[in-house]
Structures are given as C-alpha cells and as structure tokens.
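Structural description and commentary
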Amino acid sequence: MTPSLSTLFAIGRPFSPLYSLVMSVRQNLYRRNILTVHRLAVPVISVGNLTMGGTGKTPAVAWIARFLHAAGHRPAIISRGYGGTAKGAVNLVSDGNQVLLTADHAGDEPAMLARQLPGIPVLTGKIRLHPCRHAIERLGSTILILDDGFQHLAIARDIDLVLFNATTLAGNSRVFPGGELREPVAALHRCTAFMLTGVDDGNAGRAERFAALLNTRFPDKPVFYSSIAAELPAPPGSLAPIDPSPPLFAFCAIAHPDRFFNALYAMNMHVTGKTWFSDHHRYSQNDVDAICRRASASGARALITTEKDMVKLERLQVALPLLPLQTRFETDDRFSGYLRQALGSLSTR
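All of the points below concern the structure found in this document. None of these values were measured; they are calculated from a predicted model. (Residues numbered from 1 in each chain as written. Predicted model: local features only at pLDDT ≥ 70, side-chain atom pairs only at ≥ 80, totals over all residues. Heavy atoms only, no water.)

**Notes on the pairing of strand E7 (residues 193-197)**
Which entries qualify depends on this criterion: Only protein chains enter the accessibility calculation, which uses a 1.4 Å probe. A residue is then buried if its area is under 20% of the maximum for its type, exposed if over 50%, and partly exposed in between. Every helix listed is a DSSP run of H or I at least four residues long, and every strand listed is a run of E at least two residues long, numbered separately from the N terminus. We treat two strands as partners when DSSP finds at least two bridges between them.
Extensive coverage of E7 is indicated by the burial of five of its five residues. When strand E6 (residues 159-165) meets E7, the two strands line up parallel, connected through five bridges. Within E7, the residue paired with Phe164 across the bridge is Leu196. Sheet topology places E7 next to strand E8 (residues 223-231); three bridges connect them, and they run parallel. Among the inter-strand pairings, Phe194 is bridged to a residue of E8, identified as Val223.

**Side note on helix H8 (residues 257-266)**
So the rule is basically this: Note that the arc is computed from the directions linking the helix axis to the C-beta atoms. Throughout, a contact is declared for two residues whenever any of their heavy atoms are within 4.5 Å.
Among the residues of H8, those classed as buried are Pro257, Phe260, Phe261, Ala263 and Leu264. Down the axis of H8, the smallest arc covering the buried residues is 155 degrees, so these residues share one side. Where H8 is buried, its residues touch E8, strand E9 (248-252), strand E10 (271-276), strand E11 (302-306) and strand E12 (322-331). Phi turns positive, to about 60 degrees, at Asn268, one or two residues after H8.

**Points about the nonpolar core**
Our working rule: Definition used in this section: a nonpolar core is a set of buried Ala, Val, Leu, Ile, Met, Phe, Trp, Tyr and Cys residues joined via side-chain atoms within 4.5 Å.
Within the largest apolar cluster, 33 residues are counted, with the highest numbers of intra-cluster contacts made by Val47, Ile64, Leu68, Ile77, Ile145 and Phe335. Mapped onto this core, the elements with two or more residues apiece are strand E1 (44-49), helix H3 (57-70), helix H5 (108-116), strand E5 (143-147), E6, E7 and helix H11 (333-346). Sorting elements by how many residues they give to this core places H3 first, with seven residues. What Ile145 contacts, discounting residues up to four positions off in sequence, is Ile45, Val47, Val61, Ile64, Ala65, Leu68, Pro75, Ala76, Ile77 and Ile78. Phe164, Ala166, Leu188 and Val199 belong to the second-largest nonpolar core, a separate cluster that totals 21 residues.

Set out below in structure tokens:
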C-alpha cells in the first residue's frame, strides 16, 4: 500500500528544521550578495508560491502576459521547463511567431503557454539567467515574467507575486519534508504581493480569513483574489460549444485532479467515468489506449481533459473524440491597477 501524504510528512517532520535552516541560509547568502543576484535591463515579474503543488501559477502567468501585451509591452515568459527533455542553456519554446518545441521537449506548462499566447515568446532553461538575457538581447523583450520564480533568487525581480490556492492555503504550515512549504513562512517578507487563487463559493470564507491573516503579518503587501471559470469546450472544427449531455470520460494529470472533475460536475456534464495520473505525467500510447478502453466500457462517446494535458497528447493516437475543458482566469480591477502603478513607478527609476 502506498503511504499517504500525511504519513510521509509525519516521517519527514524531524528533518524540517534542517531543511528550513538550509533555505534560510541560502536566502541570506543572496541577500548579502555572497551569491550573485543579477539585475536585468528590463523589469522582471515573478509568479511563484510558498507551497508545493498546484496554486494556479500558469493561468496567472498567462493573464499577466496578455495584460502586458495589450498595454503595449513586449513580454516574454521564462520557465525552468520542468519535465521537458530539452537541456540547452536556452530552449526557445516559442519565438512569438511560431511554436518551436513540443510538450515532451519543453515541458507541459511552457508548451501550453506557447500555444495559448501568440505574439509572446516562451523560453526555458535550468539557469534562467540565460533565457532571460536571450529574450532581452535577441527577441527585444521589454519585460520578463518568471514562471514559478519565487525560489529563484539569482534574478532580481521588481514585482514578486506569491500565490496561495484558496482551498489548500498553506497546507499543514510545516516546511518540507514535514509539510508542503518550500521555505519557512518568513520568506514571504521578500515578496511584494499575494494572490489567493481558485476562489469560489465553497472556500471564499476561508480565503477571506487567510487574507486577513496575511494583512496582519505582512501589512505592506496587498492581497488579491482570482478564480477560474470553466467553459463548455467546442468540438474540433466548430465554433459552437458542445451539448453537455453526451457521455464523456474524464482524465487528467494535474496537481489537484478533483478541481477538474468538480468543474465538470458543476456544469452538469454527463461524466461516465474518470481517471487521473500524477502531475506532469508523460502519457504513453499504452496509457491512451487504456483510457479509451475504459471510456468505451463506461458508455462514453468522447474524452475530456484539461488544456494542460491536451498539449501532451498531440503525438499520440486517440481512438475517441478528445475535448479540452476550456478555462478563463478572472481577477478584479485592483490587480490590474496594482500592475499599472508598479510598472509606472519602475519607468521613472
């Protein structure tokens, strides 16, 4: 039997103080410039989190990129490319004109961003300084967005946004390996703002109480809210949304699969069965064939998955029609106003 996450955290709890110390020492080395912090020639926005697992960073990054592009900036997205096989110092997933790497090479999230954001370059690299400089010097980018950048202290950032999922918040509030925190809570002093993501009717009260706690402990840092709205997918080659009544088999490989399944149920979609894999799972043809067999046995006439999973299935043969559940990131005007004000102050420095 696979041990539960809570059991693993209980086993790892004695080692949490040591890990916390290591992360604190690392932060102090950067703060004192013993480890080099590189200040780039253009503004840098980091979108990251304190906790492990999904907090909605990728939808937030996409929204910010679209906002900046519409405002006349030339943003580029810089990611580590987790799960991708490309090992170059600079991996150009998209140059803004065309998508150049598949999800296998780029990683699923950079590949999805590249397809969702025409006109906006997406680059990956283990040492993110290299793709950052490439975006500025070769692609003419005037602002950079670090995807999952909170712990990447080698690059100075002008806006440092930390996300918390409104359902899971800070987990058990213990540092890895005794809990879900990547660093001690004190690390939040270095960020500039917070965003609670995935806010809905079920978690809004907890989100507001957590926001009040953040305001008390970090009064100089604003707290924003966002939500994800799901939309009925359109069948291939059609502009019209599908009828939600056809039987569908749902599958995904994301950090919190229940959010995907619950969105389908909330839309009254006819889900005949479901399955899920670990986050960033790389699908094989055998996986897809097994999904199709289970779907057919359940009476489903089509498959439905997430947009993130869709980019990983392009090279595979799928025997049933395959639809992505489309989502829309929503936040209020306070956040866009915050970005305008912050970027305006940067232009005068």
